[in-house]
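Observations on chain architecture
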Amino acid sequence: MAVHWKERGFPLQISLKQYADLLVTYLKPQLMRVVLLAIVLLTNIALQLLNPQILKSFLDTALSSQGSPALFGSALLFFVIALISQGLTVASTYVSTNVGWTATNALRADLAQHCLQLDMPFHNLHTPGEMIDRLDGDVTILSNFFSQLIIQVLGNVILLLGVLLLLFQVDWRVGLALGLFVLVAALTLRNLRTIAVPHWLATRKISAESYSFIEERLAGTEDIRASGARAYTLRRFTELMRTRLRTQRKAGLVTSVMVNGTMLLIALGTVVAFAVSTYLYLHHVISIGTVYLIYYYSTMLTKPIDLITQQMDDLQKVGASIARIQELYALKITLQDGTIPFTSSGPLAVAFENVSFAYSDDDLVLRQVSFCLEPGSVLGLLGRTGSGKTSITRLLLRLYDPISGSIRMHGQDIRTLKQRDLRQRIGVVTQDVQLFHATVRDNLTLFDHTIPDACIEAVLQDLGLGDWYHSLPEGLETELKSGGGLSAGQAQLLALTRIFLADPGLVILDEASSRLDPATEQLLERAIDKLLHNRTAIIIAHRLTTVRRADQIVILEQGRIRESGERTTLLADSSSRFAQLVQTELQEVLV
């Protein structure tokens, strides 16, 4: 869900301090490159100021009918300086590109880390497509801002001042006339600086919505085709593209005001230069070479003004991107990390004490839930869809905090524990296993390179994946794609392998075997038996056969505990809800 800046209380105009803070943060680590870039640009400016003086000398020498050696020397010097200037331009392009990408990559990494730390409600509201555009599209626009914008603006200001100083040396009237022209041009550009920021902000917003739409529809291609929704999807996509076209066209038209204003200023500057030069030449104050010098310098004035205008155009786009980036940075983490290290080893004790929880303020998902798990015991958690089973898992991992009550792990409130320590001691296996486009080793260890290969191979063999492992062309270095190309059973066994290698004290199995065929399920069940040895476990299930190994049973209904107790005790009590469910499932199997 997109949030408008006015709703968030952020101004559309970005302050100079915000620009400066961003520059200092990401350019300071590469200060030497920035200094080198500044030296190259300033040297190039000095050469640009020198070349017109050589041309003036060439013209005056030619008109005075002096010897050709002087003319040849002037021409050669002009050529050498032009060649050096081109070389400096290539060098500045190389260095500035390096600076820009280094800075934007660092910003992109910081922003990604910040978003990953944000609470789950944020990720529930923003689709992956939108976040790709925010983290990549918005940040990429800042590349020129980091690499050249400030240096180019300052460099062109220095070039303007240098040209004006040389023009005052030619004649004070020339300097004064073109100085007034520069002043008018600068004031005009200043007034035009921010007119396009709201429009470019709107283009970034509709771009994010477009990426979000595309990502969601591509992910749901199978369902869209099966339900005959292709026509609707294409129509909605067309509407988004039309809106994007209108938004970008409007931003482009507003920006063109600056471009057309610049062209008018260039023409005005040329007129002023010709008028003053003609007057002085007719009164025999300056030579024809000086007339050309004035004209050349006047065209040099329009070039930095034009470049500054282009940079101001980029600055408007940058302002929109910075505003969206700062919107993300303004979002704060509500789940504050604990301060107590959690170093407990072995099976963990778990206790829920009058826990109530809601994803939104007016809709409780859990109501006064209480239960205790002794170290090494197994809890079977039953209930219909929406009864709150998975919410208990999310609370244990501290993806959310309860609105009341407390959750204790080995006697300590989990809100006081360091989240990293807590999550390392909990292993979760769901029916949908996430495989990454990485090697088999990285998929099993989740990029922990401290785990020995021998340990990984032993676990794979122990869980019945030995034949699969030996069939891999490159062993643990075999690349898996994000889909994995594995059967559901193999994917589940890989997920169990991850848990074995992580060696947590609490294991949560969330419908881990609900989509498997009987033969594969038997293989998985044997692996689960090994996994649960000397570990505390919570098994979430619809089918009662999957909780046969549970010591305790908790049945949830509409967020409340409908029934709880020892599994054997409940099973022996024909009036218990658990015994009735077992009997009902048995009858369905017999039928």
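Keep in mind that what you see is a predicted model, and the values were worked out from it rather than measured. (Residues numbered from 1 in each chain as written. Predicted model: local features only at pLDDT ≥ 70, side-chain atom pairs only at ≥ 80, totals over all residues. Heavy atoms only, no water.)

1. Focus: the overall build of the protein
Using the following cut-off: Each helix is a run of DSSP H or I of at least 4 residues and each strand a run of E of at least 2, with the numbering of both proceeding from the N terminus. Whether a residue is buried, partly exposed or exposed follows from its accessible area with a 1.4 Å probe, protein chains only, as a fraction of its type maximum: under 20%, in between, or over 50%, in that order. Whether two residues are in contact is decided by their heavy atoms, any of which lying within 4.5 Å being enough. Calculation of accessible area relied on Shrake-Rupley with a 1.4 Å probe; when residues are assessed, cover is drawn exclusively from the protein chains displayed.
The number of helices and strands found in the protein is 21 helices and 12 strands. Buried positions account for 45% of the 591 residues belonging to the protein. Residue pairs at least 24 apart in sequence account for 77% of intrachain contacts in the protein once pairs closer than 6 positions are excluded. Split by element, the accessible area of the protein, about 30,500 Å² in all, is 59% carbon and sulfur.

2. Some points on the sheet that holds strand β9 (residues 506-510)
To be explicit about the condition: Two strands qualify as a pair provided that DSSP identifies no fewer than 2 bridges between them. The axes used here are C-alpha line fits, helices contributing only the stretch in contact, and every angle between their N-to-C directions lies in the interval 0 to 180 degrees.
Read from one edge of the open sheet, six strands run β6-β9-β10-β3-β11-β12, paired in mixed fashion. Of all strands in the sheet, those with a lone pairing partner are β6 (426-430) and β12 (560-566), marking the two edges. Across the sheet, the axes of successive neighbouring strands diverge by a mean angle of 15°, strand direction being ignored. On top of the sheet, helix α18 (residues 488-502) reaches β6 and β9; it is set at about 180° to β6, its chief contact.

3. Things to note about a nonpolar patch on the surface
Filter applied, for reference: Patch definition: residues above 30% relative accessible area lacking any salt bridge, with like charges linked at up to 9 Å and the nonpolar side chains Val, Leu, Ile, Met, Phe, Trp and Tyr linked at up to 5 Å. Here, a salt bridge means any Lys or Arg side-chain nitrogen found within 4 Å of an Asp or Glu carboxyl oxygen.
A cluster of nonpolar side chains, Phe72, Leu76, Phe79, Val80, Leu83 and Ile84, forms an exposed patch at the surface whose accessible area comes to about 610 Å². Tracing the backbone shows Phe72 in helix α4 (residues 68-117).

4. Observations concerning the side chain of Thr104
You can see Thr104 is positioned in helix α4. Discounting chain neighbours no more than four positions away, the residues touching Thr104 are Val139, Leu142, Ser143 and Phe146.

5. Let's talk about the sheet that holds strand β5 (residues 412-413)
Spatially, the four strands line up as an open sheet ordered β2-β1-β4-β5, and their pairing is antiparallel. Each edge of the open sheet is held by one strand with a lone partner, namely β2 (363-373) and β5. Taken together, the two bridges between strand β4 (residues 404-409) and β5 define a ladder with antiparallel strand orientation. Residue pairing for β5: Met409 is matched across the bridge by Gln412. Sitting on the sheet, helix α13 (residues 389-396) touches β1 (350-360), β2 and β4, and the angle it makes with β1 is about 105°.

6. Comments concerning the environment of Ile407
Within the secondary structure, Ile407 is located in strand β4. Using a relative accessible area of 1% as the deciding quantity, one classes Ile407 as buried. For the pair Ile407 and Leu395, spaced 12 residues apart in sequence, the C-alpha to C-alpha distance is 8.2 Å. If sequence neighbours within four positions are ignored, Ile407 has contacts with Ala351, Phe352, Val355, Leu395, Leu396, Pro402, Gln412, Asp413 and Ile414.

7. Here's the deal with the pairing of β2
Two elements, β1 and β2, share seven bridges in a ladder whose sense is antiparallel. Among the inter-strand pairings, Ser360 is bridged to a residue of β2, identified as Asp363. Hairpin connection of β1 to β2: two residues between the antiparallel strands.

8. Considerations on the confidence of the model for the protein
Selection criterion: Every residue gets a pLDDT, meaning the predictor's confidence in that residue, from 0 to 100.
For the protein, per-residue confidence averages 81 on the pLDDT scale, and residues scoring 70 or more make up 89% of the total. Here residues 1-12 is a poorly scored stretch, pLDDT under 50, and it has 22 contacts once near neighbours within four places are set aside; other chains count.

9. Digging into the nonpolar core
Put simply, the rule reads: Residues grouped as a nonpolar core are buried Ala, Val, Leu, Ile, Met, Phe, Trp, Tyr and Cys residues, joined through side-chain atoms within 4.5 Å.
If you look at the biggest cluster of nonpolar residues, it comprises 41 residues, and the most contacted ones within it are Leu460 and Leu496. Considering every element that reaches this core, the biggest residue donor is α18, with seven residues. Non-local contacts of Leu460, meaning those with residues more than four positions away in its chain, are made with Leu444, Leu465, Gly466, Trp468, Tyr469, Leu476, Leu494 and Thr497. Ranked by size, the runner-up nonpolar core spans 30 residues in total, among them Leu379, Leu381, Leu396 and Leu556.

10. What to know about the packing of aromatic side chains
Basically, it comes down to this: By convention, a stacked pair of Phe, Tyr or Trp rings (six-membered ring in the case of Trp) has centres within 6.5 Å and planes under 30 degrees apart, an edge-to-face pair has planes over 60 apart, and any other such pair is tilted.
One pass over the full model with this rule turns up six aromatic pairs. With a centroid separation of 4.7 Å and 15° between ring planes, the pair formed by Phe352 and Phe371 is classed as stacked. Within this pair, whereas Phe352 is found in strand β1, its partner Phe371 is found in strand β2, the two being separated by 19 residues in sequence. There is no split in this pair, since Phe352 and Phe371 are both buried. One aromatic cluster in this structure is built from Phe357, Tyr359 and Tyr400.

11. Quick word on α18
Two residues of an α-helix separated by three or four positions point the same way, owing to the 3.6 residues in each turn. For clarity, the cut-off: Helix span is expected to be 1.5 Å times the residue number reduced by one.
With 15 residues, α18 extends 21 Å from end C-alpha to end C-alpha; this agrees with the ideal 21 Å at 1.5 Å per step. Within α18, 12 of the 15 residues are buried, which leaves it mostly tucked inside the rest of the structure. For α18, the set of buried residues is Gly489, Ala491, Gln492, Leu493, Leu494, Ala495, Leu496, Thr497, Arg498, Ile499, Phe500 and Leu501. The first or second residue beyond α18 is Asp503, which carries a positive phi of 55°.

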